[in-house]
Amino acid sequence: KRTGIETESICFIIATEEKDEHTQVYIHDKKIMPMLDEMRNLGAVLGMHTSFDGASDGEKVKHERQVLREVTGDEILYHRNHYLRQLQPYDLEYYETAGFKDDFTTGFNEVIGFRLGTCHPVKWIDPRDARISELTIHGMEIMDGSVIGVKPYQMELPFEEARNACKGIIDEIYEFGGEFDFLCHNGMFENKPGNYIKQLYDYILDYIVEKAGKKQQ
């Protein structure tokens, strides 16, 4: 409100009911509800972080969303896949059928950039019959782990290079009037040697405010 920038914070929650090899936190963990209450108090919207197996299992997606709705009391309309998994193009029908309105999975794990091919949200089109669905796909341009994660799997950039790379992405989005989606993991903010994610996060927010101010002048 103070900057005139339209923003939304989304907290994606894993709705699995027990731990597995891909999930360290589950929905009935006693730590979950206090965290959800804190997110709500900070103005975040709750979304669902699908389990690893749920990415390609329509019934599991429906079940996990129902569990999350019952536990939180929220409608839960936003969705993202575990590990940013994208399998068959028609798998997105599972998310639409489950009741989600927006999906935020389409981003690179290894690098930053425009995996969706645009910085504007688009409706998912079913490739089997060219049906334009009600599910909106949002491209995710920057993920924290992509810039700081180790090579050869991720970019492993020094802070200055990471800052400049993120700045370039934001500049392109502003040039074309698009939507900027930035994925952060709570575990990435640990205070340990070489971890500059908090510094990068603060820089990105400050730079967005700076860009918006110049655009309004």
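Residues numbered from 1 in each chain as written. Predicted model: local features only at pLDDT ≥ 70, side-chain atom pairs only at ≥ 80, totals over all residues. Heavy atoms only, no water.

## Digging into the overall build of the chain
1) Next: When its secondary structure is counted, the chain shows six helices and eight strands.
2) Next: In sequence order, the chain lays out its α and β elements as β-α-β-α-β-α-β-β-β-β-α-α-β-α.
3) Next: For a compact globule of 217 residues, the expected C-alpha radius of gyration is about 17 Å, and the chain comes in at 18 Å, within 12% of that figure.
4) Next: For the chain, the C-alpha atoms occupy an extent of roughly 45 × 45 × 40 Å along the three principal directions.
5) Next: Put simply, the chain has 217 residues, and 41% of those count as buried.
6) Next: In the chain, of all internal contacts separated by at least 6 residues, the share reaching a separation of at least 24 is 69%.
7) Next: Within the structure as shown, the chain displays about 12,400 Å² of accessible surface, and the carbon and sulfur contribution to it stands at 50%.
8) Next: Measuring between centres, the 25 positive side-chain charges of the chain sit 3 Å from its 39 negative side-chain charges. (Helix = DSSP H or I, 4+ residues; strand = E, 2+ residues; numbered from the N terminus. Rg over C-alpha atoms; globule rule 2.2 N^0.38 Å. Buried < 20%, exposed > 50% of the residue type's maximum accessible area, 1.4 Å probe, protein only. Contact = heavy atoms within 4.5 Å. Areas by Shrake-Rupley, 256 points an atom, 1.4 Å probe, with all protein chains shown as cover. Lys, Arg positive; Asp, Glu negative; His and termini not counted. Charge placed at Lys NZ, Arg CZ, Asp CG, Glu CD.)

## So, the nonpolar core
1) Next: Grouped together as the largest cluster of nonpolar side chains are 22 residues, with contacts concentrated most on Ile112, Val147, Ala162, Cys166, Tyr196, Leu200 and Ile204.
2) Next: Among the secondary structure elements, those contributing two or more residues to this core are helix H4 (144–148), helix H5 (159–175) and helix H6 (197–216).
3) Next: Considering each element in turn, this core owes the most residues, seven residues, to H6.
4) Next: If near-sequence neighbours (up to four positions away) are discounted, Ala162 is found in contact with Val147, Leu157, Tyr196 and Leu200. (Core = buried A, V, L, I, M, F, W, Y, C linked by side-chain atoms within 4.5 Å.)

## Describing the pattern of salt bridges
1) Next: By the definition in use, this model includes 14 salt bridges.
2) Next: Between Asp126 and Arg128 there is a salt bridge, with its nearest N and O atoms 2.8 Å apart.
3) Next: Given the relative accessible area of 2%, Asp126 is considered buried.
4) Next: For Arg128, a relative accessible area of 48% translates into the label partly exposed.
5) Next: Between Lys211 and Asp171 there is a salt bridge, and its shortest N-O distance comes to 3.1 Å. (Salt bridge = Lys/Arg side-chain N within 4 Å of Asp/Glu carboxyl O.)

## Brief notes about the sheet that holds strand S2 (residues 45–49)
1) Next: Spatially, S1-S2-S3-S4-S6-S5 is the arrangement adopted by the six strands of the open sheet, whose pairing is mixed. The strands lining the two open edges of the sheet, one partner per strand, are strand S1 (10–14) and strand S5 (122–126).
2) Next: Pairing geometry for strand S4 (residues 102–103) and strand S6 (residues 131–137), over two bridges, is parallel. When the bridges of S6 are listed, Asp102 appears paired with Thr136.
3) Next: Along the sheet face, helix H2 (residues 58–72) touches S1 and S2 and points at about 150 degrees away from the line of S2. (Pairing = 2+ DSSP bridges. Axes fitted to C-alpha atoms, helices over the stretch in contact; angles between N-to-C directions.)

## Digging into H2
1) Next: The terminal C-alpha atoms of H2, which comprises 15 residues, lie 21 Å apart, in line with the 21 Å expected from a rise of 1.5 Å per residue.
2) Next: Looking at H2, one finds that the buried residues are Gly58, Val61, Glu64, Arg65, Val67, Leu68 and Thr72.
3) Next: Of the surrounding secondary structure, the elements contacted by the buried residues of H2 are S1, helix H1 (32–41), S2 and helix H3 (92–98).
4) Next: In the segment just after H2, Gly73 is the residue with positive phi, at about 80 degrees. (Expected span 1.5 Å × (residues − 1).)

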